[in-house]
Amino acid sequence: MVDTLRPTEFVSRRDAGESFVLLDVREPQELAICRVDGALHIPLRELPARLAELDPDAHVVCMCHHGMRSASAAAFLESRDFERVSNLAGGIEAWAREVDPGMARY
């Protein structure tokens with residue numbers, strides 16, 4: 001079962017030194033509106049073809065707009081033997097509310 005992290009929990013753990021790959025599975029036009037610095041962008045539809053870009057030993061935290069596509073991405077990664085996968089609960093919308101209120105929203 002995929003683990004879920006709230007944006008504030010992700011930031012706290014990252015700031016405490018925990019290592020993550022933040023995987024943004026949104027479409028390019030969404031990324032043009034707002035993004036989290038340092039996130040790796042692979043649209044969900046491209047994930048199967050670009051799987052080799054991810055380290056299966058890394059802790060991958062998947063993110064989308066509200067959390068549905070990223071939940072699918074996380075489940076896909078787990079099915080491909082990624083052992084440390086989390087879904088960012090509420091997606092970038094929750095990030096904007098909880099972490100960065102100045103972030104553009106859509």
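This is a predicted model, so every value here is computed, not measured.

Basis of the calculations
- Residues numbered from 1 in each chain as written.
- Predicted model: local features only at pLDDT ≥ 70, side-chain atom pairs only at ≥ 80, totals over all residues.
- Heavy atoms only, no water.
- Salt bridge = Lys/Arg side-chain N within 4 Å of Asp/Glu carboxyl O.
- Helix = DSSP H or I, 4+ residues; strand = E, 2+ residues; numbered from the N terminus.
- Buried < 20%, exposed > 50% of the residue type's maximum accessible area, 1.4 Å probe, protein only.
- Core = buried A, V, L, I, M, F, W, Y, C linked by side-chain atoms within 4.5 Å.
- Contact = heavy atoms within 4.5 Å.

**With respect to the pattern of salt bridges**
Turning to step 1, where the next piece is worked out: This model, assessed by the stated rule, comprises 12 salt bridges.
Turning to step 2, where the next piece is worked out: Among the salt bridges present, the one from Glu 98 reaches Arg 6, with a minimum N-O distance of 2.1 Å. On the criterion of sequence distance, the pair formed by Glu 98 in helix α4 (residues 91-98) and Arg 6 in the loop between β1 (3-5) and α1 (7-15) is long-range, its members being 92 residues apart.
Turning to step 3, where the next piece is worked out: By relative accessible area, which is 34% here, Arg 6 ends up partly exposed.
Turning to step 4, where the next piece is worked out: Ionic pairing is found between Arg 14 and Asp 15, a salt bridge with its closest N-O pair at 3.6 Å.
Turning to step 5, where the next piece is worked out: Looking at Asp 15, the relative accessible area reads 56%, which means it is exposed.

**A short note on the nonpolar core**
Turning to step 1, where the next piece is worked out: Among the nonpolar cores identified, the biggest contains 15 residues, and Leu 23, Leu 47, Leu 54, Cys 62, Leu 77 and Phe 82 are the most heavily contacted of them.
Turning to step 2, where the next piece is worked out: Listed by contribution, the elements that provide at least two residues to this core are β4 (60-63) and α3 (68-79).
Turning to step 3, where the next piece is worked out: Per element, the largest residue contribution to this core is 4 residues, and it comes from α3.
Turning to step 4, where the next piece is worked out: Contact partners of Cys 62, with chain neighbours within four places excluded, come to Leu 23, Ser 70, Ala 73, Ala 74, Leu 77, Val 85, Ser 86, Asn 87 and Leu 88.
Turning to step 5, where the next piece is worked out: Core analysis: the next-biggest nonpolar cluster, separate from the first, contains 14 residues, Phe 20, Leu 22, Leu 88 and Ala 96 among them.

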